[in-house]
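A structural walkthrough
What follows is each chain in one-letter form.
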Protein chains: 2
Amino acid sequence: MPQLRIALAQVNPCVGDLTGNADVVVEWTRKAVQAGAHVVALPEMVLTGYPVEDLSLRESFAKASRAALDELAERLADVGCGDALVALGYLDRDEAGPRNAAALIHKGQVVARYAKHHLPNYGVFDEFRYFVPGDKLPIVRWHGVDLGLVICEDIWQDGGPIAGLGQAGVDLVLCLNGSPYERNKDDTRAQLVARRAAEAGAPIAYVNLVGGQDELVFDGDSLVMNPDGTLLARAPQFVEHLLVLDLDLNAGGHTSVEPVEGFEVTRTVISAEPVPAYEPQPAPEAPDALSDCAEVWSALVTGLRDYVHKNGFRSVVLGLSGGIDSAVVAALAVDALGADAVYGVSMPSSYSSDHSRSDAAGMAERTGLHFQTQPIAAMVEAFVGQLGLTGLAEENVQARCRGVTLMGLSNQHGHLVLATGNKTELAVGYSTIYGDAVGGFAPIKDVPKTLVWELARWRNDQAELNGEVPPIPENSITKPPSAELRPGQLDTDSLPDYELLDKVLDQYVEGDLGYTALLAAGFAPELVERVLVMVDRAEYKRRQYPPGTKITLKAFGRDRRLPITSSWREQSAALV
Amino acid sequence: MPQLRIALAQVNPCVGDLTGNADVVVEWTRKAVQAGAHVVALPEMVLTGYPVEDLSLRESFAKASRAALDELAERLADVGCGDALVALGYLDRDEAGPRNAAALIHKGQVVARYAKHHLPNYGVFDEFRYFVPGDKLPIVRWHGVDLGLVICEDIWQDGGPIAGLGQAGVDLVLCLNGSPYERNKDDTRAQLVARRAAEAGAPIAYVNLVGGQDELVFDGDSLVMNPDGTLLARAPQFVEHLLVLDLDLNAGGHTSVEPVEGFEVTRTVISAEPVPAYEPQPAPEAPDALSDCAEVWSALVTGLRDYVHKNGFRSVVLGLSGGIDSAVVAALAVDALGADAVYGVSMPSSYSSDHSRSDAAGMAERTGLHFQTQPIAAMVEAFVGQLGLTGLAEENVQARCRGVTLMGLSNQHGHLVLATGNKTELAVGYSTIYGDAVGGFAPIKDVPKTLVWELARWRNDQAELNGEVPPIPENSITKPPSAELRPGQLDTDSLPDYELLDKVLDQYVEGDLGYTALLAAGFAPELVERVLVMVDRAEYKRRQYPPGTKITLKAFGRDRRLPITSSWREQSAALV
């Protein structure tokens, strides 16, 4: 049985940066070749970054991607990587339109191209807008091993290229992925790869992107799976990593080029000779699985760090209210960027409590972030007095004066403003547009309030375990939440209890249950009606909200979009 | 040849309002029946409103739509419309998923259902996310005439249901549409209907929605076309209308139920007897075609009026700077809502010119809108002094204090804030986020600056022709544009000349030309580079911008979306 050493390069490209991404490919391919790899696989669209959205429709960008690929092929040969077989994703385009494509590179040439067949068009994906599906199955013989290629969604739908490769006959499948992190998704992924490996009748080497890209976080988790369901190797999540593994493969000597499953099959022989026998390395140890909180925290840190850095910022500024949301965002920012890159601002108004200031200051002391106090009473009074504002209008002016303050500091000093709202607030519209919703990035926009508390406790416990100072003041975790926009105000004046609210939201938003089904699930009619109307009316605010890392299926954004009109009105739509 | 009187009800439903929309259907069907119609056709998804976006994925909403349809069928019979055949669009759902469907109703029953086959998934459309395509062709014999049904995109793509109906054999095709207004689209539409009528071998009765729905405006323009390309009747644009026409049709006596073009064909006989001969009415006269400016102005007025009213507002507030953008938005608002519903606010800073105040006041005098002055110097000074802001940070605070002022008045008095930015500004990011970009609706967000001037002159000319006071002060049209955020500032300090800028933008944004192609088109390299980098960097601001009426193909919104990361950075992506 022929041997092959494969290397999966779990890397972090940046969308649109063809030059920088080519550098990433060269750097990691060199590492793989230095490690003796015969096959190097890099993720889906690593050369363009992923997802490229409307850039895919730009003919000039596709042309540049193709040119960058040719140049990269030559460069890899020039730097001594020409003898390896390198698989990577890029944007292609032919007469039918743009393609989400993979290339195999050898000795300075592109020796095969594959176009993704199954195009996801749900949730965060819109690939029916952006790509034309492929219907060709190139199979390449490399050191006697028949090698097939697929891309991401190709393994998430039944039938198609994997079934085709299984029927045509291959000895190894490379699966290039841009598969975003989603809470509790990881086990599904490994199980799925095992099922597809069985269908292909060959091991699958699954290589995924890592890092944050706009609202998405890719968690890596690259792996190699045998057709019998044995996990051969697995990379850690949320870090760049080179997973190197020696495989002992069937050389099936497959020759069929009959069309299968609607695909045209082509076979190219690069090398029929097996690699001379060598002593295999032991497989790397699989990393320990992360706990739910550790995984979510890592996703949020990764998303925040990459959003800031990929957008060319070096520091962030945020309002510190002493409450739990801003405390958790500050702790995430410190973990992502270091305390020296984080600027916290306490902005007390005449309604702010003493503990709001002391808890904010405590956060700064515990973490070492930069801290300043900017009272907003004078600005608020200028608006309220001149315009004669009362009630909700007066409350909102306070939040907006804080927004103007943070944006002023951002414009003056170059920090990115972080918005500190959580998913529960965002869902029900419990925020001030152009006020606390101000910011370039909203790290916990997809984290429900109850999970914010859970993460805070988990992060503090981690610190204790490591003998460090817990970053979040205990009082920020335990005190009853309040917006402090009028005397004695509490969140519970306007909202149901968060435990209950998050349960209804989860069923309505994530579970897509309607009014009747929610009543059947045991929730009280008044509660359900109240929550549904709030959610549907909040759509306008959500559309104006800054981006933030997605950790769930329905994270509010393009993947959950109600018509504005139907949602601003209390339409019957909400209550059916 | 059998006669039929058909009525196309070009109506304006509201997304999500099943009850209100059912009322609209009943009201207009009664009018049609009173006019003696044998067939009444209403637009695509009239019962749910269109587009319903993620509501389509909600099982409970589809169930409610089906229930509303059954109830509507009974109600139509109860109010004396049971003898007519009524075609209308609704949201259906079966085991395969949600359907963009049409129903035929007769005598209190749904007698046929059709599901849209071609699902548009480009520009403003995302129907691959929302619907499962249909593959059935129900044909109904009504007074001896064989009647087929299609929906909107079904006629915009080659092959499919129209070809199927043509082969199976029909005498009349009803085409239900939710076809948005797009500048210069109308002629394409009539030509297309003519081509499809020829393919079907039967007249097509094309009925379209009218009115604004969130960012879309439906212009109506319903029409009836003979297979020989003769336009038999046409409804006016931008108004609700009942188009009634007597037809003398072939009774082909078609009987084939062979599958065609991948469709299952079914035939149902409701009535084989032709209508007793009657004296036909003369066809209504076709309306005069609108000029380009008249059409765009009507679209903007319609979009603004319906956004305000469908969202439950009665009045709007906007900043009046004395400049052309706010003047045109104010004139649109007065045309849409009446002067008494429009509140203009002059918000001078220490850098504001005298003419900025006098031109704003002039606008109010000419139109009769409510006018007040709110100087912002005190608020600006409170921020600038306390935070130590200079340069761009100081400029932005002025725009943001205006935003807070308008939102304060909105919250206090219940007006909707209108943002006054134009498409050119939005394209290049020449605006202050949370400042002049503040608002619930941005009426001219899809109107390039040069067209803003053209519309202003056109609107004033129209007033002169009608012996009315031109709404826009001449000085607002002729003076050089300035943001007035620092002494002596002019737009041309930061931007290329607008004539030139709009030409580059049109080619880059609408024409999708790349850097090289723009140079080949004769633009200077420095200009092209400058504009492209501005556009790509402005994506973040555009995502935070309020919705506004779309009048072109690439109006910034879901239909033109660059990845934020690649666009905030000056990536190579922009320059290829």
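The structure presented is a predicted model; accordingly, all values stated were derived computationally and were not measured.

1. Quick word on the relation of the copies chain B and chain A
The two copies are related by a screw operation: chain B maps onto chain A through 180° of rotation and 0.0 Å of translation along the axis, at an RMSD of 0.0 Å. Both copies are brought into coincidence by an operation consistent with a two-fold rotation axis. If distances are taken from each C-alpha of chain B to the rotation axis, the shortest is found for Gln 544 of chain B, at 2.4 Å. The fraction of interface residues of chain B whose copies in chain A are also interface residues reaches 100%, indicating that both copies meet through the same surface.

2. A look at helix α1 (residues 18-34) of chain A
Residue and element names in this part refer to chain A. Along its 17 residues, α1 runs 24 Å from first to last C-alpha, staying within 8% of the 24 Å computed at 1.5 Å per residue. Turning to α1, its buried residues number three or more, namely Leu 18, Asn 21, Ala 22, Val 24, Val 25, Val 26, Trp 28, Thr 29 and Ala 32. Where the residues of α1 are buried, they touch β1 (3-10), β2 (39-41), α2 (59-78), β3 (85-94) and β14 (241-248).

3. Details of the interface of chain B and chain A
Listed by partner, the interface residues are 83 residues for chain B and 84 residues for chain A. Here chain B and chain A share an interface that buries about 7,200 Å² over both sides, 54% of which is from carbon and sulfur atoms. Linking chain B with chain A are 8 salt bridges, by the criterion used here. Our count for the contact surface shared by chain B and chain A stands at 36 residue pairs in polar contact (both at pLDDT 80 or more). Those elements giving two or more residues to the side of chain B that touches chain A turn out to be α1 (18-34), α2 (59-78), α3 (127-130), α6 (292-310), α9 (377-387), α10 (391-413), α18 (539-543) and α19 (564-568) of chain B. When residues in the side of chain B that touches chain A are grouped by element, the largest group, 12 residues, is from α10 of chain B. When its residues are assigned to classes, the side of chain B that touches chain A shows 43 nonpolar, 24 polar and 16 charged.

4. Overview of a negative patch on the surface
Taken together, Asp 70, Glu 71, Glu 74 and Asp 78 of chain A make up a surface patch of like negative charges. Looking at where Glu 71 of chain A falls in the secondary structure, it is placed in helix α2.

5. Notes on the sheet that holds strand β1 (residues 3-10) of chain B
Residue and element names in this part refer to chain B. With mixed pairing, 6 strands are arranged side by side in an open sheet as β5-β4-β3-β2-β1-β14. Unpaired on one side and paired on the other, β5 (109-115) and β14 (241-248) mark the two borders of the sheet. Shown here is a sheet whose adjacent strand axes are inclined to one another by a mean of 30°, direction ignored. Relative to strand β2 (residues 39-41), β1 runs parallel, the two sharing 3 bridges. Paired with Ala 7 across the bridge in β2 is Val 40. Sheet strands in contact with α1 are β1, β2, β3 (85-94) and β14, and its direction is about 40° off that of β14.

6. A closer look at the confidence of the model for chain A
Residue and element names in this part refer to chain A. Considering every residue of chain A, the mean pLDDT works out to 94; 98% of them sit at 70 or more. Note that pLDDT drops below 50 for residues 569-576; the model gives that stretch 31 contacts with residues more than four away or on any other chain. Reported confidences for the modelled complex are a pTM of 0.96 and an ipTM of 0.95.

7. Some remarks on the pattern of salt bridges
Counted under the stated rule, the structure contains 76 salt bridges over all chains. Where Lys 116 of chain A meets Glu 44 of chain A, a salt bridge forms, and the shortest distance between an N and an O atom there is 2.7 Å. Highlighted residues: Lys 116 of chain A in the loop between β5 (109-115) and α3 (127-130) and Glu 44 of chain A in the loop between β2 and α2, separated in sequence by 72 residues. Neither residue differs from the other here; Lys 116 of chain A and Glu 44 of chain A are each classed as buried. Its salt-bridge partner being Arg 195 of chain B, residue Asp 158 of chain B comes within 3.4 Å of it at the nearest N-O pair. Taken together, the positions of Asp 158 of chain B in the loop between β7 (145-151) and α4 (161-168) and Arg 195 of chain B in helix α5 (residues 186-200) put the pair 37 residues apart, joining distant regions of the chain. For Asp 158 of chain B, a relative accessible area of 59% gives the class exposed.

Scoring rules and cut-offs
- Residues numbered from 1 in each chain as written.
- Chains lettered and ligands numbered in written order.
- Predicted model: local features only at pLDDT ≥ 70, side-chain atom pairs only at ≥ 80, totals over all residues.
- Heavy atoms only, no water.
- Least-squares fit on C-alpha atoms with pLDDT ≥ 70 in both.
- Contact = heavy atoms within 4.5 Å.
- Helix = DSSP H or I, 4+ residues; strand = E, 2+ residues; numbered from the N terminus.
- Expected span 1.5 Å × (residues − 1).
- Buried < 20%, exposed > 50% of the residue type's maximum accessible area, 1.4 Å probe, protein only.
- Buried area = accessible area lost by both parts, 1.4 Å probe.
- Salt bridge = Lys/Arg side-chain N within 4 Å of Asp/Glu carboxyl O.
- Polar contact = N/O pair within 3.5 Å; in protein donor to acceptor, adjacent residues only side chain to side chain.
- Nonpolar A, V, L, I, M, F, W, Y, C, P; charged D, E, K, R; others polar.
- Patch = residues over 30% accessible without salt bridge, like charges linked within 9 Å, V, L, I, M, F, W, Y side chains within 5 Å.
- Areas by Shrake-Rupley, 256 points an atom, 1.4 Å probe, with all protein chains shown as cover.
- Lys, Arg positive; Asp, Glu negative; His and termini not counted.
- Charge placed at Lys NZ, Arg CZ, Asp CG, Glu CD.
- Pairing = 2+ DSSP bridges.
- Axes fitted to C-alpha atoms, helices over the stretch in contact; angles between N-to-C directions.
- pLDDT = per-residue confidence, 0-100.

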